[in-house]
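The residues making up each chain are set out below.
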Amino acid sequence: MRGGGGTSYKRRKMFRDFITNVTLLAAVASWVAAQFIKLLAFVIRERRFDYGFLFRLGGMPSSHTASAAACATSVGLRTGFGSPVFAVALGMLALIMIDAQSVRRAAGAQARLLNQMAEDFYRNHKFSPEKLVEFLGHTRLEVLMGALLGLAIALLTHGLLPPGAAHP
């Protein structure tokens, strides 16, 4: 017998552990839920469907915040809210929330201004401007709603998949 049999088992186990990781599942489910909520709001508001909207930045709720909040909540539930790992996850959540609400929002405002300037310039000089993405950041309410969505989905995920289910 060749030595490859153990490696194959290890790969299958690593893959199984990866796809049954309740923390990862909660984070991904939160991101997907936030993007679908944004798509649904767009469809209701614009009365048209645009699947590309699933991958756009900005809007209500913040999918980045939802995902990070679900991850931090899940880590806290699995390792304890006093653990160093939870502290790191909470720190990352805080950074993501601050970035979503301030840095990316400011970048979006700058992009809007640059687009206006470019449009004025190109209109007078008969060039076609390339637009910058303006809808990058979030309001505080969008960030808060993302955090609450992530928290709820993590709690729901842990109710459906107890921590022991991911790592026997």
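The structure under discussion appears in the preceding block.
As a convention, each chain's residues are numbered from 1 in the sequence order in which they are written. With the structure being a predicted model, the display of local features is reserved for residues of pLDDT at least 70 and the display and counting of side-chain atom pairs for 80 or more, all residues being used for whole-chain, interface and lining totals. In computing side-chain properties, one takes all heavy atoms of the structure into account and sets aside hydrogens as well as water.

### Describing helix 3 (residues 63-79)
Then, number 1: For the purposes of this entry, the term helix denotes a DSSP run of H or I that reaches at least four residues, the term strand denotes a run of E that reaches at least two, and both are numbered from the N terminus. By this rule the span expected of a helix is its residue count minus one, scaled by 1.5 Å. Between its first and last C-alpha atoms helix 3 spans 24 Å; for 17 residues at 1.5 Å apiece the expected length is 24 Å, and the two agree.
Then, number 2: Burial status follows relative accessibility: with a 1.4 Å probe on protein chains alone, a residue under 20% of its type maximum counts as buried, one over 50% as exposed, and anything between as partly exposed. The buried fraction of helix 3 amounts to 12 of the 17 residues, a majority that puts the element mostly inside the structure.
Then, number 3: Gly80 occupies a position one or two residues after helix 3 and carries a positive phi of about 100 degrees.

### Looking at the packing of aromatic side chains
Then, number 1: Side-chain rings of Phe, Tyr and Trp (the six-membered ring for Trp) are treated as a pair once their centres are within 6.5 Å; stacked means planes under 30 degrees apart, edge-to-face means over 60, and tilted covers the remaining angles. Summed over the entire model, instances satisfying the criterion amount to 1 aromatic pair.
Then, number 2: Relative to Phe86, the ring of Phe81 has its centre 5.0 Å away and its plane inclined at 80 degrees; by these criteria the two rings are edge-to-face.
Then, number 3: Residue Phe86 is classed as buried on the basis of its relative accessible area, which comes to 12%.

### Some details on helix 2 (residues 22-46)
Then, number 1: In this model helix 2 runs 36 Å from its N-terminal to its C-terminal C-alpha over 25 residues, within 8% of the 36 Å that 1.5 Å per residue would give.
Then, number 2: The set of residues buried in helix 2 consists of Val22, Thr23, Ala26, Ala27, Ser30, Ala34, Gln35, Lys38, Leu39 and Phe42.
Then, number 3: Each polar contact in these results corresponds to two N or O atoms within 3.5 Å; when the atoms are within protein, one needs to be able to donate a hydrogen and the other to accept it, and residues that are neighboring in sequence are counted only if both atoms are side-chain atoms. For helix 2, the N-terminal capping position is held by Asn21, with its side-chain oxygen 2.9 Å away from the main-chain nitrogen of Thr23.
Then, number 4: Trailing helix 2 by a residue or two, Arg47 shows a phi angle of about 60 degrees, which is positive.

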